[in-house]
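Architecture at a glance
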Amino acid sequence: MAREGGKKTYSAPAIEKAFEIIELLAGRSEGALVSEMAADLGRSVGELFRIVVVMEQLGYLRRSEVTDRYAVAYKLLDVALRATPSQDLVRAALPEMQMLARDTVQSCHLVVPSHGHGLVVAREESPASRGFALKVGAQIDLVRSCSGQVLLAFSGDKLAERMVRGAEEERGETVDRGWLAERLEAVRRQGHDARKSPVTFGVTDISYPIFGFDRRVIAALTIPFLELIDGSQVMDLDAAREKLRAATARISDRLGYQPG
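I will try to describe carefully the structure that is included in this document. Remember, it's a predicted structure, so these values are computed and weren't measured experimentally.

Soluble globular proteins: nonpolar side chains tend toward being buried together. Leu-89, Met-97, Leu-110, Ile-210, Leu-221 and Leu-244 are the most contacted members of the largest nonpolar core, which has 21 residues in total. Breaking this core down by element, the ones donating at least two residues are helix H5 (89-104), strand E5 (108-114), strand E9 (203-211), strand E10 (217-226) and helix H9 (237-254). In terms of residue count, the dominant contributor to this core is H5 (five residues). Those residues in contact with Leu-244 that sit more than four places away from it in its chain are Leu-100, Ile-206, Ser-207, Tyr-208, Leu-221 and Ile-223. In this structure, Val-175, Leu-184, Phe-211 and Val-217 belong to the second largest nonpolar core, which totals 20 residues.

Here it is, written out as structure tokens:
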């Protein structure tokens, strides 16, 4: 035990090494061999081998039977979700989505990034007899959609680039980086995105980001605002946009987000 700045400090080498391994693998989507971990961390293979094996036995790491590379297992995510204020994104978002659909009489859907596309993980339909809604499980164009560009705009540069490369792999075509950079900068300036749907007449998509406790964007909440010809909607586009903004702010707060 030592004192640093008047506070007691303790040393637990095995625990320190375990967290070093987790943090290293968090940035290595392809995983790593024990020898590679040792080289990157400036430690010997002997220092790490038993720790890695025990972490695998406990379910926090998984080893590929093909490559022998280790990666972080989903158990870590499960524990984190149960132990932090975020718990379950959908559980946190659904009450707000229900209230949003009721107040605006419009549907809304929650989109998360999934490699090269966005994925609808929850939706709330309009209580009106007429409406427009996406299905849970629907895949969203990450590069060109309103929801996708919100996710890209508020992700870090490196993560956004990985997502765009994933979209290029899925689409089999190259994305114009100059055009995309201009679009994402515009979204960041506004704090959201709103534009006519590229696929459905009479629909204007409005999307705001949702942030987690780590201040990273984790989802986009979107209203595909359906404008009725007879003007009978109970709320106009600007009012619905403000309702959506307030809803995403409350969801982010519920997930532990604190603006910087």
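Let's pick the thread back up.
A word on the packing of aromatic side chains. Scanning the entire structure with this criterion turns up two aromatic pairs. Between Phe-154 and Phe-211, the ring centres sit 5.9 Å apart and the planes meet at 90 degrees, which makes this aromatic pair edge-to-face. You can see Phe-154 sitting in the loop between helix H6 (146-153) and helix H7 (157-171) and its partner Phe-211 sitting in strand E9, a full 57 residues away along the chain. Ring geometry for Phe-211 versus Tyr-257: centroids 5.0 Å apart, planes at 25 degrees, classification stacked. With Phe-211 in strand E9 and Tyr-257 in the segment after H9, the pair connects residues that are 46 residues apart, well separated along the chain. Site record: aromatic cluster; members linked through ring pairs are Phe-154, Phe-211 and Tyr-257.

By volume, the second largest pocket amounts to about 290 Å³. In terms of lining, the second largest pocket is formed by 18 residues, of which the most central are Leu-134, Ile-140, Ser-145, Val-199 and Asp-205. Secondary-structure elements contributing two or more residues to the lining of the second largest pocket are strand E7 (139-141), H6 and E10. In terms of residues, the lining of the second largest pocket owes the most to one element, E7, which gives three residues. When the residues that make up the lining of the second largest pocket are grouped by side-chain class, the tally is eight nonpolar, seven polar and three charged.

Let us now look at the sheet that holds E5. The strands that make up a sheet are held in pairs by hydrogen bonds between backbone atoms, and each pair lies either parallel or antiparallel. Within the open sheet, the six strands sit side by side as E7-E6-E5-E10-E9-E8. Their pairing is antiparallel. The open sheet has two edge strands with one neighbour each: E7 and strand E8 (193-196). In this sheet, neighbouring strand axes are inclined to one another by 30 degrees on average, regardless of whether the strands run parallel or antiparallel. Pairing of E5 with E10, which is carried by three bridges, proceeds in the antiparallel orientation. Bridging across to E10, Leu-110 finds its partner in Leu-221. Contacts from H5 reach E5, strand E6 (117-124), E9 and E10, with the element oriented near 65 degrees to E6. Contacting E5, E7, E8, E9 and E10, H6 runs over the sheet at an angle of about 30 degrees to E9.

Analysis parameters
- Residues numbered from 1 in each chain as written.
- Predicted model: local features only at pLDDT ≥ 70, side-chain atom pairs only at ≥ 80, totals over all residues.
- Heavy atoms only, no water.
- Core = buried A, V, L, I, M, F, W, Y, C linked by side-chain atoms within 4.5 Å.
- Buried < 20%, exposed > 50% of the residue type's maximum accessible area, 1.4 Å probe, protein only.
- Helix = DSSP H or I, 4+ residues; strand = E, 2+ residues; numbered from the N terminus.
- Contact = heavy atoms within 4.5 Å.
- Phe/Tyr/Trp six-rings, centres within 6.5 Å; stacked < 30°, edge-to-face > 60°.
- 1 Å grid on protein atoms, 1.4 Å probe; cavity = no way out; pocket = protein on both sides within 12 Å on 5 of 7 lines; lining within 4 Å.
- Points joined across faces, edges and corners; volume = space filled by probe spheres on them.
- Nonpolar A, V, L, I, M, F, W, Y, C, P; charged D, E, K, R; others polar.
- Pairing = 2+ DSSP bridges.
- Axes fitted to C-alpha atoms, helices over the stretch in contact; angles between N-to-C directions.

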